Structures are given as C-alpha cells and as structure tokens.
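Structural features, examined
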Amino acid sequence: MNVKSRAKVGAAVLGAAALGVGIMSTPASADYTTPPFRALAGVGSDTTQYVVNGLGEVAVDAGGNKIVGSWNATGSATITPKADAHCANIARPNGSSAGIDRLLADINNTAQSDCVDFARSSRGPSTAGSTLTFIPFGKDAVTYATDLGSTLPSNLSIAQLQSIYRNCTFVDAGVTKTVSKALLPQAGSGTRTYWLSSIGVTEAEITTAKNAGCVDDTVQEHDGVALASGTQIMPYSVAQWIAQGKGFADVPNRRGESRLRSIAGVAPTTGSGSALALNPNFTFARDVYNVVPTAKLGDANIARAFVGASSQVCQNIATVKNYGFGDLSADSAPSNCGDTSTTGNR
C-alpha cells in the first residue's frame, strides 16, 4: 500500500470515528440473493439501492413473506431477477434512467412476462405522460463534496458551481480560481440529471467542458474515493454519504476522504456524531421514488409495498431514516409518501 493509500485509509477511520459510527470490514454484497424469488423485482438508482435493500427486509405481505427484491446499480454485469428463462442474465441497469428504461422495455414487450416490477429513481419524470407512476418515499439532498485537505472553499454559491461545471473556474472574493477537475456521475444517473438542473448547466455545456478536459463523467456516483486531489469537486447524495459512514454490512464505505460542503451558506446536514442527519431544508433537497407501471397500481403486491401512506414502505419510515434519508414530512410540508399523482412516460 502506498503512502497516499495509507493516508486515505487512516483518514477514513478517523472520519468515521469522529462521526461516532462503526467501521465496516469487508463489504457484503447487497444484491437480493435468489432463489427463491420475491414477488417484486427492482433495479435502477445507485442513490436509493441500499435503503430499498433495507426496506426489502421489512416489507411483507399479509402472510409475513418478504415481497421486495432489489438489485444494486453495480456489481456483476448481469442479474437474474425472475425465474422465467428470458429473465436469466439480463444486463444490470446502472442508474435511475437505466432502471426506468428496463421497466419500460418490459412494459412494451407484451409477448413475455416482466423481468422487473419497479425502478428505483432519484429523479422525477423527465417526459410527460401517464405510462409510469413515480411514488415518493423519502427525502434526499445533493451537495458538492471535496477532499478533506481541499484548497477549494467549503461553501460555494450556485453561480460559482455553475461556472465550475462550465469551465472549471470560479470567482472567489474577486479572484478567479481553478478547479483541476469537475467530476460527474455517468450518463443515466438521476443524481447527474438533478445536479445539472439545479445548478443550471446543460448537457451540451457538459460536452463542451469534457472536450476541454474540465469534466470527467466516468466516475460512479457517490464514490468519494474518486476525488484524487484537493482541487477536484463532485456532487454527492447527502443520504448516501451518511449511510456509508454507519458501518452497515451491506453499505460499502465509498466516502474516502470526501467531505460534504455547504451551498449558498446552508449546511447539508444537521447534528453530529451518531445524530448526524440530512437537512430537509437544504438548498438542493429532493424526493426519491419507486417507479411502477401506472397500469399495475392495483396489483396487490405493488399496492401493498408502495401505494399510499399505509403501504409497507411508508409504514417503515424508521428504516428510511436509518439509511440517511429524511421523512417526507420533515420539511414542515405534509408527507406525500406513497402518493400516486406524479406520472410520466420516462
């Protein structure tokens, strides 16, 4: 192990200790293990993969049988979500859009049974329509992260972030400063879509920035180890960052030396140590969703798992919060957990 690697390991241990959380050993695979297969199979978002895995252990049917099986965004190249032969070894969807696309492919293929029943998504619908229903279940937030020893400010404005993702420069106290690399999740990531929309940067502008060597969008989202220097920056799910530091056997600690930073003077978290929690009123707070075919809202298992305030997911808000996410009523607005009014074609 080189000096840099030893430093990162040491910093990760100290950081976790400072937060009052456990240190995990070898990360366990968090994919749902088959067979037997559960009634509902889900794929998609990296952001919500661990919390949905957790919900899969407490969401049950009337007979007490677990009904939600969920596959992570990364891992083996293929997965087998259902017993049907045509569902064997299908490509693993990585990200919200990839999961939604897989769900749509099943909807459109009327000749075969569905291989997935829902998609995890950290974004709302991108195309108007009624084919899909986006059912919210928790509150997340996205901020920027930098390395522990970063020379970049620990508080940036939206305008400064916009400039960074356009050309890797920003003005701070009248002085133009440079970011060596602006990191961004892969195409299809819900966090990427949300982040760029929030800071007002288009995909066309990202293409220009990539061609200029400013942006690197080949990193997996919420992987703080990708921050290779003190002059790099990346968006990060606040809930993911919190969960990764709790020592859960099924949540690999990918934070490295990353630290969450403030935007426009607002901190992304509240509390400290074991009481560290997401700030539901953060500048860039967002709902996260489980996406289902609108035509199947009446399916007994889908309805029991996801639909309405009495659904299994909404009744297990303690699990949602344990994985770093916020209660949908935590921002003083009425909870919309389980609401089925948000629809789209993608």
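Scroll up to find the structure this text is about.
Described in the following lines is the structure provided in the data block.

Conventions used here
Residues numbered from 1 in each chain as written. Predicted model: local features only at pLDDT ≥ 70, side-chain atom pairs only at ≥ 80, totals over all residues. Heavy atoms only, no water. Helix = DSSP H or I, 4+ residues; strand = E, 2+ residues; numbered from the N terminus. Rg over C-alpha atoms; globule rule 2.2 N^0.38 Å. Buried < 20%, exposed > 50% of the residue type's maximum accessible area, 1.4 Å probe, protein only. Contact = heavy atoms within 4.5 Å. Lys, Arg positive; Asp, Glu negative; His and termini not counted. Charge placed at Lys NZ, Arg CZ, Asp CG, Glu CD. Salt bridge = Lys/Arg side-chain N within 4 Å of Asp/Glu carboxyl O. Pairing = 2+ DSSP bridges. Disulfide = S-S within 2.5 Å. Phe/Tyr/Trp six-rings, centres within 6.5 Å; stacked < 30°, edge-to-face > 60°. Lys NZ or Arg CZ within 6 Å of the ring centre and 35° of its normal.

With that settled, consider the overall build of the protein. Per the secondary structure count, the protein includes 10 helices and 18 strands. Taking 20 Å as the expected radius of gyration for a compact globule of 346 residues, we find that the protein reaches 20 Å, a close match to that expectation. Of all 346 residues assigned to the protein, the portion counted as buried reaches 50%. Nonlocal contacts in the protein, meaning residues at least 24 apart in sequence, comprise 73% of its contacts between residues at least 6 apart. Of the charged side chains in the protein, 26 are positive and 25 negative, and the gap between their average positions amounts to 5 Å.

In this structure the tally under the stated criterion is 15 salt bridges. Residue D46 is joined to R254 by a salt bridge in which the shortest nitrogen-to-oxygen separation is 2.9 Å. You can see D46 sitting in the loop between β1 (40-44) and α2 (49-56) and its partner R254 sitting in the loop between α7 (238-244) and β13 (258-260), a full 208 residues away along the chain. The residues D46 and R254 share a single accessibility class, namely buried. Each of R192, E203, K210 and D217 takes part in salt bridges that share partners, so that together they form one network.

With that out of the way, let us pick up the environment of N281. Positionally, N281 belongs in the loop between β16 (277-278) and β17 (285-293). For N281, a relative accessible area of 52% corresponds to the exposed category. Distance from N281 to T193, taken between C-alpha atoms, is 20 Å for residues 88 residues apart in sequence.

Now for the pairing of strand β10 (residues 181-185). Remember that side chains alternate between the two faces of the sheet whenever the strand is regular. For β10, a buried count of 4 out of 5 residues is recorded, marking the element as mostly surrounded by other parts of the structure. Where β10 and strand β12 (residues 232-237) come together, 2 bridges link them in parallel fashion. Residue pairing across strands places A182 opposite I233, the latter belonging to β12. With 3 bridges joining them, β10 and strand β11 (residues 215-219) adopt parallel strand pairing. Bridge pairing in β11 links A182 to V215.

Here we come to the state of the cysteines. In this structure the tally under the stated criterion is 3 disulfides. The disulfide partner of C87 is C115, and the S-S distance across this bridge is 2.1 Å. Since a negative S-S torsion denotes a left-handed disulfide, the C87-C115 link at about -90 degrees is left-handed. In this pair, C87 sits in the loop between β3 (78-79) and β4 (90-91) while C115 sits in the loop between α3 (96-108) and β5 (118-121), placing the two residues 28 residues apart along the sequence. Classification of C115 as buried rests on a relative accessible area of 0%. Paired by a disulfide, C168 and C214 hold their sulfur atoms 2.1 Å apart. Sign of the S-S torsion, about 95 degrees for the bond between C168 and C214, identifies this disulfide as right-handed.

Within this structure, the stated rule accounts for 5 aromatic pairs. A centroid spacing of 6.1 Å and a plane angle of 75 degrees characterise the contact between Y165 and W195, whose relative ring orientation is edge-to-face. You can see Y165 sitting in helix α4 (residues 158-167) and its partner W195 sitting in helix α5 (residues 190-199), a full 30 residues away along the chain. Assessed through its relative accessible area of 0%, Y165 is described here as buried. Residue placement shows R255 over the ring face of W241; its charged tip is 4.1 Å from the ring centre. The ring of Y194 is capped by R286, whose NZ or CZ atom sits 5.4 Å from the centre of that ring.

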